[in-house]
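Summary of structural features
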Amino acid sequence: MPRPAQAPRRSSLTPFYIILGLVLVAGLGLLATRLKPKAGEAVNRGVPVTLTPEQLQRVQGISIGRADAPITIYEFADFQCPHCGQFAAFIEPLIRQNLVETGKARYVFYDFPLGFKWSFLAARAGRCANEQGKFWDFHGIVFARQQQWAFDPDAAAQFAEYAKTIPGMDAGKFEQCVRSDKYQREVSESQQLGQSLGVGGTPTLFVNGRKLDPLPETYSAFETQVRTIAPAAFAGAPAAPAAAPPAPGDTGGKVTGQSATP
Amino acid sequence: MSAVLDEAEVDGVEEAYAPPPTSRMAIAVLALIGVFDAAYLSMYKLGIINGLTCTVGSCEQVQNSPQSALFGIPVSVLGLGAYVALLALALVGVQPRFAADRRIAQAITAISGIGVLFSAYLTYVEARVIYMWCQYCVISAILITLIFLLSLPGLKRARAADS
């Protein structure tokens with residue numbers, strides 16, 4: 001019986017191994033270029049976090065108003081979400097004016113970056129502003145100029161420019177913070193808290209732990225719901241005035257929906 | 001190996017050593033490409049890299065969507081596991097003595113078949129739920145479909161060998 005040809009069997013696999021080796025080298029090379037760290041990179045994504053229910057309860061938002069106010073309002077928002085921008089422009093100022101500044105409510109902002117181009121970076125930038133006590137100033141500017149930075153290839157530079165316009169803010173220190181990974185974990189934890197509470201889109205509001213669903217379209221509708229949830233806080237106070245008629249061409253102060261998680 | 005071949009020769013079972021099937025070699029190459037594709041997405045999802053270079057679509061938004069994880073495990077990590085398994089099976093399966101092995105053929109078809117179904121679901125999610133595309137997910141869907149199709153001749157060959 002003739003011996004089976006062993007050598008040809010092996011050599012028939014040689015081209016295969018060569019091709020496989022080339023793919024291996026090319027793949028490793030491509031991955032290596034992607035891994036190259038960039039100096040001063042502004043981190044724009046979260047880190048995986050797994051928090052226990054107890055840890056979730058300790059996740060910090062950024063609050064304004066009396067700590068012992070009878071009403072606590074949580075807002076989960078994304079600085080790049082258009083509906084959050086509308087909410088911040090039309091309803092939130094009235095909440096702060098009528099409920100927060102009157103001592104009825106404490107307002108707590110939680111980051112819930114949805115995944116727009118700069119969602120996470122903007123959330124981190126908000127925390128960087130907060131470390132200088134300028135969160136709410138930054139919050140107002142960032143929402144008002146959403147269209148300016150949302151499509152900017154270097155949003156961090158835009159945020160630094162905004163910081164320069166905020167009195168008393170150290171823009172250099174702020175930019176250094178934004179161009180780092182600082183607060184990556186805090187924002188990720190805030191996001192996880194939102195997910196654990198069933199936040200699926202932004203803005204999402206909770207009043208004394210109750211989710212407002214659907215989100216009220218006007219301030220008066222919002223206050224009506226708040227009065228139902230916490231009537232004691234309004235004892236003796238007159239009801240909210242009806243919303244002013246909308247001016248032509250604007251949304252009438254209505255927040256027309258929520259941005260869903262992409 | 002030489003000793004094994006010699007034994008086979010003595011036993012007169014050379015027929016068991018089928019020539020290495022080209023389709024299985026192609027599966028190995030495609031699976032290796034899949035390993036890199038899934039590894040890249042996994043590194044992003046696990047926080048090893050901070051961004052994805054994406055020339056087509058919105059890779060990061062897709063990777064940050066709720067559908068990018070299954071039971072808390074990133075889909076890209078599941079894909080990485082599947083491609084590593086397919087690569088290992090294909091590398092063993094190209095060896096002449098395993099070319100007609102029924103279990104290897106079935107395992108490749110089963111894993112890639114599940115992969116095709118899951119990729120179809122993910123493609124549906126991209127098209128109809130989140131309305132965004134990730135080029136690496138599309139590449140993976142194409143790779144796993146090709147692997148599945150290429151696995152079918154091996155399955156037939158194994159059945160023929162059995163019968």
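For the structure given in this document, a descriptive report is provided here. Model, not experiment: these values are computed from the prediction.

1. Here we look at unusual backbone geometry
A cis geometry characterises the amide bond from T202 of chain A onward to P203 of chain A, with omega recorded as -5 degrees. As for its placement among the helices and strands, P203 of chain A is situated in the loop between β4 (201-202) and β5 (204-207). In this model, D213 of chain A is joined to P214 of chain A through a cis peptide bond whose omega is 5 degrees. In this structure, P214 of chain A sits in the loop between β6 (210-211) and α11 (219-229). Of note in the backbone geometry, F71 of chain B takes a positive phi value of approximately 50 degrees without being a glycine. Along the chain, F71 of chain B turns up in the loop between β1 (69-70) and β2 (73-74). We classify F71 of chain B as exposed; its relative accessible area is 81%.

2. Some points on the sheet that holds strand β3 (residues 105-111) of chain A
Residues and elements named next belong to chain A. If you walk across this open sheet you meet the 5 strands as β1-β3-β2-β5-β6, and the pairing is mixed. Among the strands making up the open sheet, the edge pair consists of β1 (62-64) and β6. As paired elements, strand β2 (residues 71-77) and β5 share 4 bridges and run antiparallel to each other. Residue Y74 lies in a different strand from β5, and its bridge partner there is F206.

3. Focus on helix α4 (residues 75-93) of chain B
Residue and element names in this part refer to chain B. With 19 residues, α4 should cover 27 Å at 1.5 Å per step; its first-to-last C-alpha distance of 26 Å lies within 8% of that length. Within α4 the residues assigned to the buried category are V75, S76, Y83, L86, L87, L89, A90 and G93. Elements in contact with the buried residues of α4: α2 (22-45), α3 (59-63), β1, β2, α5 (102-129) and α6 (135-162).

4. Some remarks on the layout of surface pockets
The rolling of a water-molecule-sized probe over the atoms marks out the regions of remaining empty space. Residue and element names in this part refer to chain B. The calculated volume of the second largest pocket comes to roughly 510 Å³. Forming the boundary of the second largest pocket are 30 residues, of which V75, F118, S119, L122 and S140 lie nearest the centre. For the lining of the second largest pocket, the secondary structure elements donating two or more residues are α2, α3, α4, α5 and α6. When the residues that make up the lining of the second largest pocket are grouped by side-chain class, the tally is 18 nonpolar, 10 polar and 2 charged.

Conventions and cut-offs
Residues numbered from 1 in each chain as written. Chains lettered and ligands numbered in written order. Predicted model: local features only at pLDDT ≥ 70, side-chain atom pairs only at ≥ 80, totals over all residues. Heavy atoms only, no water. Helix = DSSP H or I, 4+ residues; strand = E, 2+ residues; numbered from the N terminus. Buried < 20%, exposed > 50% of the residue type's maximum accessible area, 1.4 Å probe, protein only. Pairing = 2+ DSSP bridges. Expected span 1.5 Å × (residues − 1). Contact = heavy atoms within 4.5 Å. 1 Å grid on protein atoms, 1.4 Å probe; cavity = no way out; pocket = protein on both sides within 12 Å on 5 of 7 lines; lining within 4 Å. Points joined across faces, edges and corners; volume = space filled by probe spheres on them. Nonpolar A, V, L, I, M, F, W, Y, C, P; charged D, E, K, R; others polar.

All quantities given are derived from atomic positions and should not be read as evidence of function.
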